[in-house]
Amino acid sequence: MNKPTILVVEDDSSIKNLMTTTLRTHDYHFLTAGNVQSAIMQASSHNPDIVLLDLGLPDMDGVEVIHNIRSWSSMPIIVISARSEDTDKIEALDAGADDYLTKPFSVEELLARLRVTQRRLSMMPGEFESSVFTNGQLKIDYSAGCAWLCDKELHLTPIEYKLLCLLSKNVGRVLTHTYITQHIWGRCWDKDVSSLRVFMATLRKKLEAAPDSPQYIQTHVGVGYRMVRV
Ligand code: CA
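Heads up: these notes are all about the structure in this document. (Residues numbered from 1 in each chain as written. Predicted model: local features only at pLDDT ≥ 70, side-chain atom pairs only at ≥ 80, totals over all residues. Heavy atoms only, no water.)

1. Overview of empty space enclosed by the protein
Point 1. Under the criterion given, the structure shown has 1 cavity of 30 Å³ or more.
Point 2. Space inside the largest cavity adds up to approximately 40 Å³.
Point 3. Surrounding the largest cavity, Asp 98, Asp 99, Val 116, Thr 117, Arg 120, Gly 172, Arg 173 and Arg 226 form its lining.
Point 4. Residues of the lining of the largest cavity, tallied by class, amount to 1 nonpolar, 2 polar and 5 charged. (1 Å grid on protein atoms, 1.4 Å probe; cavity = no way out; pocket = protein on both sides within 12 Å on 5 of 7 lines; lining within 4 Å. Points joined across faces, edges and corners; volume = space filled by probe spheres on them. Nonpolar A, V, L, I, M, F, W, Y, C, P; charged D, E, K, R; others polar.)

2. So, the side chain of His 177
Point 1. Mapping His 177 onto the fold places it in helix α7 (residues 177–185).
Point 2. Excluding residues within four positions of it along the chain, His 177 makes contact with Val 193, Leu 196, Arg 197, Gly 222, Val 223, Gly 224 and Tyr 225. (Helix = DSSP H or I, 4+ residues; strand = E, 2+ residues; numbered from the N terminus. Contact = heavy atoms within 4.5 Å.)

3. Observations concerning the coordination of the calcium ion
Point 1. Looking at the metal site, the calcium ion is ligated by Asp 11 (OD), Asp 54 (OD) and Gly 56 (O), spaced 2.2 to 2.3 Å from it.
Point 2. Look at where the donors of the calcium ion fall in the sequence and you get D-x42-D-x1-G. Placement of Asp 11 in the loop between β1 (5–9) and α1 (13–25) and of Gly 56 in the loop between β3 (50–54) and α3 (63–70) is noted, with a sequence separation of 45 residues between them. (Donors = N, O, S within 2.8 Å, 3.2 Å for Na, K, Ca; no water.)

4. So, helix α2 (residues 36–46)
Point 1. Taken together, the buried positions of α2 are Val 36, Ala 39, Gln 42 and Ala 43. The arc that holds every buried residue of α2, seen down its axis, measures 130 degrees, which confines them to one face. Exposed residues lying more than 90 degrees from the buried face of α2 are Gln 37, Met 41 and Ser 45.
Point 2. In this fold, the buried residues of α2 make contact with β1, β2 (29–33) and α3.
Point 3. Looking at where α2 begins, the residue whose side-chain oxygen comes 3.2 Å from the main-chain nitrogen of Gln 37 is Asn 35.
Point 4. Of the residues flanking the end of α2, it is Asn 47, one or two places downstream, whose phi is positive at about 45 degrees. (Buried < 20%, exposed > 50% of the residue type's maximum accessible area, 1.4 Å probe, protein only. Arc of directions from axis to C-beta. Polar contact = N/O pair within 3.5 Å; in protein donor to acceptor, adjacent residues only side chain to side chain.)

5. Topic: the layout of surface pockets
Point 1. Considered as a void within the structure, the second largest pocket measures approximately 170 Å³ in volume.
Point 2. As for the second largest pocket, its lining consists of Asp 99, Arg 113, Val 116, Arg 119, Arg 120, Val 171, Gly 172, Gln 218, Arg 226, Met 227, Val 228 and Arg 229.
Point 3. Contributions of two or more residues to the lining of the second largest pocket are made by α5 (107–129) and β12 (224–227).
Point 4. Sorting elements by how many residues they give to the lining of the second largest pocket places α5 first, with 4 residues.
Point 5. By residue class, the composition of the lining of the second largest pocket is 4 nonpolar, 2 polar and 6 charged.

6. Observations concerning the side chain of Glu 10
Point 1. Within the secondary structure layout, Glu 10 lies in the loop between β1 and α1.
Point 2. A polar contact of 3.0 Å, which involves the side chain of Glu 10, links it to the side chain of Lys 103.
Point 3. In contact with Glu 10, other than residues within four places in its own chain, are Ile 15, Lys 16, Ala 33, Gly 34, Asp 54, Leu 57 and Lys 103.

7. Describing the packing of aromatic side chains
Point 1. Tallied over the full model, the rule gives 2 aromatic pairs.
Point 2. Plain terms: the ring middles of Phe 133 and Tyr 142 are 6.5 Å apart, the flat faces sit at 40 degrees to each other, and that makes the pair tilted.
Point 3. Relative to Phe 199, the ring of Trp 185 has its centre 5.8 Å away and its plane inclined at 45 degrees; by these criteria the two rings are tilted. Taken together, the positions of Trp 185 in helix α7 and Phe 199 in helix α8 (residues 190–207) put the pair 14 residues apart, joining distant regions of the chain.
Point 4. For Phe 199, a relative accessible area of 25% corresponds to the partly exposed category.
Point 5. Looking at Lys 169, its charged tip hangs above the ring of Tyr 142, at a distance of 4.4 Å from the centre.
Point 6. The side chain of Arg 173 reaches across the aromatic face of Tyr 179, ending 5.6 Å from its centre. (Phe/Tyr/Trp six-rings, centres within 6.5 Å; stacked < 30°, edge-to-face > 60°. Lys NZ or Arg CZ within 6 Å of the ring centre and 35° of its normal.)

Okay, structure coming up:
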């Protein structure tokens, strides 16, 4: 299997070296950029498979890279940021980033995120061809509008079903509260976020064997939710 090309956007040379050494050791190809302008140039001229993006860059906010790339490509972007504030993560995810890592991070964590993203990439074509989604014991037939767990049909309310479809169609991606409520209700008010929590709890009761330690849907506290591949 061909190793993907990773674009590393990072202005801190010690972190950049750590990342590129890790990538080299694990036989990835990589390109580097130290600011927004060169990141956009590298992305458009080399069309990398995955972008690892620092948000604090010297010329502009790293979120500008996401806005630019999303205007012409859906290439996966993993934000790597020292900023632990949820608002920065949320802004980056709403702009179209796929995932985020908060500094300091471990090399193992970085490699794990890359593997998850690669797996998602390799599964994409099949998901577009087929109207049936499977993940572990979960099966959804989008055209029939039905979902099953362990071959038993799930009795979901329309909102729970919409929520499950949205998460499954974005499997591997962290979806923010705003993103989800806008897709489910077409708007995002504070009360929609509280309703979302309620619907998520009822959905989990039907979907998860142990709703308190969910297997399919992860909670990202203060940020949103992600369906993981099991
Ligand atoms: Ca930086």
